[in-house]
Amino acid sequence: MRIAIVVVRYGAEIVGGAESQARGFAEAAARRGWEVEVWTTCARSHYTWENEFPAGSHREGNVIVRRFPVAKLNLERQGQIEGRLGTQGHLPVAAQYAWLGGGAHSILLYEYVAGQAVKFDAVVVLPYANPMMNLAAWARPDNVVMWPCLHDEPYAYMEPIRLLLESVRGVMFNSPEERDLAVKRLRMELRHEAVLGEGVTLESYDKLPERNGNGHSPRDLLYLGRLEGGKNLALLYEYVQRYVEDGGDLRLVVYGGGPFVPPPHPAFDYRGYVADAAKTSAYASALALCQPSLNESFSLTVMESWLAGRPALVHADCAVTRGHVERSHGGLWFRTYDEFVGVIEWLGEHPDLAARMGRNGRSYVEENYTWDVVADRFERILSQWGRDE
């Protein structure tokens, strides 16, 4: 099989859910003997869009990576449009197309997709909420499979997004809840669609460290990921600080980069970026991972926490993460402060049951979301779509 993956940024040092998803899939596909290329940009930062990587092609393991330079178009105006979308929750149709045309673009990338896509069994494009990836997909929609990482957020309701997802060859979703958002709630009429899932690498979690390692204690709650307001961190910070000030025994250990760092307070231990080698210890030694986000299409950190044998604590109003927790019996959820306190106290008072939740979660990941399982599923989906066409 010959596949190309189009993603806005790429590399081991790039932090981001879609970027990690693209890299994991590319490396897994290459291990299976597929011919794999990644078409991406020279940008390292999705804030500045500076061309920091050299243009051209090189090989990373068995994956060919082709980088194309970025041209920044109306970044200031794009920021205003994004801000308007964030505060109002919607945009007039004209502004939606202004969003699509602004920001960062790569004409050379679009031209390459248009000229080369027909030579591949599939061209996989992700994520959806990026103008550059939209135009890359439009360059050859009949050959494109969108892996959108769709969220229940304003972008999902925009006309250009609907037209794109309804025009490409097919759409592969990370979870049943993401599919339901597109097909049932937004009533998109997709040419082909399927739930693919996302993969997780097991090897780092085969030998788990002893509990309480890495300076943690059993009353440490863990957050690991991007530090952005959209992750609902304000609520998590508020609940943890309030609980500690009320006399609760808890500390939130925070790993990640971004502007939304925790406030200076004894309730928080901000540790910044965590290397892959240290992730296992961070997960395994915590009381639980807390993923408070309301908008996720998969949540890699929840899966990693389960591989490390620890339960996940998620927000009740996030359909995707709550769906994972309910299917796996691998954690608990909360909405109000009192519910948050209740689950924290319960986990602390029932360590054996908390550990069982972690084991349940690991079994769920091993059965559904290893990269081998996902690659097998991807191949079956493409074969089925080919028979249907």
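A quick note: this is a predicted structure, and the numbers were derived from the prediction, not measured.

Caption draft 1: Focus on the pairing of strand β2 (residues 35–41). Judged by how many residues are buried, β2 sits mostly within the fold: 6 of 7 residues are covered. With 5 bridges connecting them, strand β1 (residues 2–7) and β2 associate as parallel partners. By the bridge assignment for β2, R2 is matched with E35. Note on the crossover from β1 through helix α1 (residues 17–31) to β2: the handedness is right-handed.

Caption draft 2: Summary view of the packing of helix α4 (residues 107–116) against helix α5 (residues 131–138). Relative to each other, α4 and α5 sit at 30°, their axes nearing to 8 Å. For the element pair α4 / α5, the angle class is roughly parallel. Read as a crossing pair, α4 and α5 show a hand that is right-handed. Where α4 approaches α5, its residues L109, Y110 and V113 are matched on the opposing element by M132, M133, L135 and A136. In terms of residue class, the contact of α4 with α5 is built from 7 nonpolar, no polar and no charged.

Caption draft 3: Geometry of the packing of aromatic side chains. All told, the structure shown has 17 aromatic pairs when counted by the stated rule. Seen in terms of ring centroids, Y239 and Y337 are 5.6 Å apart; in terms of plane orientation they differ by 70°. Their pairing is edge-to-face. A residue pair is termed long-range when its members are at least 10 positions apart, and Y239 in helix α8 (residues 233–245) and Y337 in helix α12 (residues 337–349) qualify at 98 residues. One exposure class covers both Y239 and Y337, and it is buried. Centroid distance Y239 to F340: 5.6 Å. Interplanar angle 50°. Geometry classified as tilted. You can see Y239 sitting in helix α8 and its partner F340 sitting in helix α12, a full 101 residues away along the chain. Taking relative accessible area as the criterion, Y239 reaches 8% and is therefore assigned buried.

Caption draft 4: Region of interest: the nonpolar core. Counting residues in hydrophobic clusters, the biggest one holds 45 residues, and the most contacted among them are V6, W39, L109, V123, M132 and M146. Discounting chain neighbours no more than four positions away, the residues touching V6 are W39, L109, V113, V123, V124, V125, L126, M133 and A136. Within the second largest apolar cluster, 32 residues are counted, among which are I5, Y10, V124 and A375.

Caption draft 5: How the structure looks around the pairing of strand β4 (residues 63–68). Note that β2 and β4 share 6 bridges and pair parallel. The partner of V36 across the bridge, within β4, is V63. In terms of strand pairing, strand β3 (residues 56–60) meets β4 through 5 bridges, oriented antiparallel. Bridging across to β4, R59 finds its partner in I64. Counted along the chain from β3 to the antiparallel partner β4, the turn is 2 residues long, and its residue G61 has a positive phi close to 65°.

What counts as what
Residues numbered from 1 in each chain as written. Predicted model: local features only at pLDDT ≥ 70, side-chain atom pairs only at ≥ 80, totals over all residues. Heavy atoms only, no water. Buried < 20%, exposed > 50% of the residue type's maximum accessible area, 1.4 Å probe, protein only. Helix = DSSP H or I, 4+ residues; strand = E, 2+ residues; numbered from the N terminus. Pairing = 2+ DSSP bridges. Right-handed = clockwise from strand over helix to strand, strands pointing away. Axes fitted to C-alpha atoms, helices over the stretch in contact; angles between N-to-C directions. Parallel < 35°, antiparallel > 145°, perpendicular 65-115°, else oblique. Left-handed = near helix turned anticlockwise from the far one by under 90°. Contact = heavy atoms within 4.5 Å. Nonpolar A, V, L, I, M, F, W, Y, C, P; charged D, E, K, R; others polar. Phe/Tyr/Trp six-rings, centres within 6.5 Å; stacked < 30°, edge-to-face > 60°. Core = buried A, V, L, I, M, F, W, Y, C linked by side-chain atoms within 4.5 Å.

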